[in-house]
Amino acid sequence: MGGEQSALDCTSVIACSSLREPGRSSAGSSLCVLPHKHAQRITPGQYQVGYRLYSPYSWLMSETYRSRGRGPLDRLDQRIACALQVDGRASWRYIAEVLGESERTVTRRGTKLVGDRAVTIAARPRSRSNTIVGAHCELGQSRIVARAFAQRGDSFLVHILTGTPECVVLLDCSRERLGELVFEDLPGIRGLINTSTQPVLRHTHTISRWRPDVLTDVEVRALTGDRRDETEGDGTANVFRDKADDLLLQALATDGRRSIDELSRLTGLSDTTVRRRVERMRRDGDLVVRAIVEPALLGLPVEAVLWVTAKPTEVESVSQELGRSPFARYVSVIVGDRQIMAIVAMPSEAALYEFVTRSSWLGNVHSVDTAIILETYKRGGAITGTGS
C-alpha cells in the first residue's frame, strides 16, 4: 500500500510491568522485542494478559485524559469544545469569529480545555473497515478484558455495559483480516467466554459528527468547509499514501493541533509541502482529526448502547433518523439479527427512557435492546483514565 507499512509486519514489544500509560515503562520492567504482530502486557498483580497491535502511527494520540470529578463545562466552553469536534485544527481566531466571541477569550479558554485534557485532539488515518465485537466475559473479568481491548492499536472505543455482552468494542479490521481476528486474536484474550463479531456495513453517524445541540447549522457549516465527511464513500483508505504522508500522520498522531511550522520541523518537509498535504488528506477524508470530550462535560452523563431491529426495508430510514438526534453519538448498520447499533448520551435516565419509548424514529422499529455504559476504557481511539 504505497509507503504504508502494514501493522502486521511490524515488530512488537512485550512489556512486563505494572499497569501504566501506553508507552511508559518503569524501573524493574522487563522489555523484549519479538517479531510478532502483538504486544503482550502482563500485570503481575492482576494477572492481566492484553494484546495490542502496533503500526507506524499506532494510535499514539491515545494519551490518557481524565475528566472524572469535573462538573459540566459552562456554555461557552461547551461551544468551543464542539467547534473543535467539527474542526480540531481550526485556529482560535477562526473559532472566535464563527462563534461571535473575542479571540482573546476563546484562545484562553480553548488552550485551557486542551491543556487540562477536558478536550483531546486526536488525528488518525481514515478507517478501512470496522467491526463491532461483543465480548462475553467470565465473572469478574470484564475490566481485565476491557483493558486488553483498550491496549490494542486497532480499537476505537471500548465500553463495559450492563447486561450481555458485558463489553462492546469497535475495531478497525479489514475484511481480509476478519478470520484472523476471530480465530486467532480474540481467543488469546484472557477472561473471555465467547465473542460475537458484527462487521459494520455502513456508518450512518460517526462520533466525529456528533453535534450535541450546542452549535447552529450555520456555525457547523462554516467550520466544516469543503472537507469530505467520514461517512461518505466506501470507507476505504487512500492506498497511495507515500512516506511523506506517513511522516505527517505520525507527527499528528500525538497532537492533532500541531502547527504547520512544527510539522515541518518534525518531518523535514517544507512548510508549503506540509500545508498542501495536510489540506489534501483532510479534504479527501483520509486524515480524520477528532476532538474527544466526555459527554458528561457537556451535561450528558448517561451513556447507553442501543441494539435496534427494524424491517429490512426501513433500516436505512431508521438509522438516518436516529443519527439526526443530538443525543446520538454513533450510529451504524451492522451484520446480524439486530441491524443497527447506536451509542447515545443523555442528560438523565428519565430522558433515556423517553428516547427509547417515545421518539419518532421508533415508528418502524421492531425492538430496541438497551444497555447502560458503566465504564469507558477507550473513546475515539484515546485511552481513558479508566483504561490506562
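Because the structure is predicted, anything quoted here is derived from the model rather than measured.

### So, the overall build of the protein
In terms of regular secondary structure, the protein is built from eleven helices and 15 strands. Taking all 388 residues of the protein together, the buried fraction comes to 55%. For the protein, the share of sequence-separated contacts (at least 6 apart) that also reach a separation of at least 24 residues comes to 75%. Put simply, the protein shows about 16900 Å² of open surface, and 50% of that area lies on carbon and sulfur atoms.

### Section: helix H5 (residues 178-185)
Helical geometry note: an α-helix holds 3.6 residues per turn, so side chains three or four residues apart project in the same direction. Inspection of H5 places Leu178, Leu181 and Asp185 among the buried residues, and these make up the whole buried set. For H5, the arc enclosing every buried residue in end-on projection is 100°, short of the 170-degree limit, so these residues lie on one face. Exposed side chains of H5 directed beyond 90 degrees from the buried face belong to Phe183 and Glu184.

### Comments concerning the packing of helix H1 (residues 75-86) against helix H6 (residues 217-224)
At a closest axis distance of 9 Å, the pairing of H1 and H6 adopts a crossing angle of 45°. In terms of axis orientation, H1 runs oblique to H6. In the packing of H1 onto H6, the handedness of the crossing is right-handed. Listed contacts from H6 to Arg79, Ala83 and Val86 of H1 are Glu219, Val220, Leu223 and Thr224.

### Concerning the side chain of Asp172
Along the chain, Asp172 turns up in strand S8 (residues 167-172). Setting aside residues no more than four positions away along its own chain, Asp172 makes contact with Ser127, Arg128, Ser129, Asn130, Asp154, Phe156 and Arg177.

### As for the pairing of strand S9 (residues 192-205)
Inspection of the sheet shows strand S6 (residues 130-137) paired to S9 by seven bridges, in the antiparallel sense. Pairing of Ile132 across the sheet is with Gln198, part of S9. Relative to strand S12 (residues 328-334), S9 is paired through four bridges, and the arrangement is antiparallel. Looking at the pairing, Arg202 lines up with Val333 of S12.

### Digging into the pattern of salt bridges
If you walk through the whole model with that rule in mind, you get 23 salt bridges. A salt bridge links Glu354 to Arg358; its shortest N-O distance comes to 3.3 Å. Remark: Arg358 and Glu354 occur in helix H11 (residues 349-358); sequence separation between them is four residues, near one turn of the helix. Among the charged side chains, a network of salt bridges with common partners joins Arg152, Asp154, Arg177 and Asp185.

### A word on the packing of H1 against helix H2 (residues 92-99)
Packing of H1 against H2 leaves a shortest axis separation of 11 Å and a crossing angle of 115°. Between H1 and H2 lies a crossing of right-handed hand. Mapping the contact onto sequence places Arg79, Ile80, Ala83 and Leu84 in H1 and Trp92, Ile95 and Leu99 in H2. Across the contact of H1 with H2, the residue classes tally to six nonpolar, no polar and one charged.

### A look at unusual backbone geometry
The linkage connecting Thr164 with the following residue, Pro165, adopts the cis geometry, with an omega of 0°. For Pro165, the location among the structural elements is in the loop between strand S7 (155-161) and S8. Backbone geometry at Arg117 places phi at a positive 65°, although glycine is not the residue there. With respect to the element layout, Arg117 can be found in the loop between helix H3 (103-115) and strand S5 (119-125). For Asp213, which is not glycine, the phi dihedral falls at a positive 45°. Summarising the element assignment, Asp213 is placed in the loop between S9 and H6.

### What to know about the packing of aromatic side chains
The geometry of an aromatic ring pair is captured by two quantities: the separation of the ring centres and the angle between the planes. Using the criterion set out here, one finds two aromatic pairs in the structure. Centroid distance Phe327 to Phe355: 6.2 Å. Interplanar angle 85°. Geometry classified as edge-to-face. On the criterion of sequence distance, the pair formed by Phe327 in the loop between helix H10 (315-323) and S12 and Phe355 in helix H11 is long-range, its members being 28 residues apart. For Phe327, a relative accessible area of 26% translates into the label partly exposed. Under the relative-accessibility criterion, Phe355 is labelled buried at 6%. Ring centres of Phe355 and Trp361 lie 5.5 Å apart, and the angle between their planes is 50°; on these two criteria the pair is classed as tilted. In textbook terms, an aromatic cluster arises when at least three aromatic residues are bridged by ring pairs, as seen for Phe327, Phe355 and Trp361. Taking the ring centre of Trp92 as reference, the NZ or CZ of Arg257 above it sits at 4.2 Å. Of note, Arg329 hangs over the ring of Trp210, and the distance from its end group to the ring centre comes to 4.7 Å.

Conventions adopted
Residues numbered from 1 in each chain as written. Predicted model: local features only at pLDDT ≥ 70, side-chain atom pairs only at ≥ 80, totals over all residues. Heavy atoms only, no water. Helix = DSSP H or I, 4+ residues; strand = E, 2+ residues; numbered from the N terminus. Buried < 20%, exposed > 50% of the residue type's maximum accessible area, 1.4 Å probe, protein only. Contact = heavy atoms within 4.5 Å. Areas by Shrake-Rupley, 256 points an atom, 1.4 Å probe, with all protein chains shown as cover. Arc of directions from axis to C-beta. Axes fitted to C-alpha atoms, helices over the stretch in contact; angles between N-to-C directions. Parallel < 35°, antiparallel > 145°, perpendicular 65-115°, else oblique. Left-handed = near helix turned anticlockwise from the far one by under 90°. Pairing = 2+ DSSP bridges. Salt bridge = Lys/Arg side-chain N within 4 Å of Asp/Glu carboxyl O. Nonpolar A, V, L, I, M, F, W, Y, C, P; charged D, E, K, R; others polar. Phe/Tyr/Trp six-rings, centres within 6.5 Å; stacked < 30°, edge-to-face > 60°. Lys NZ or Arg CZ within 6 Å of the ring centre and 35° of its normal.

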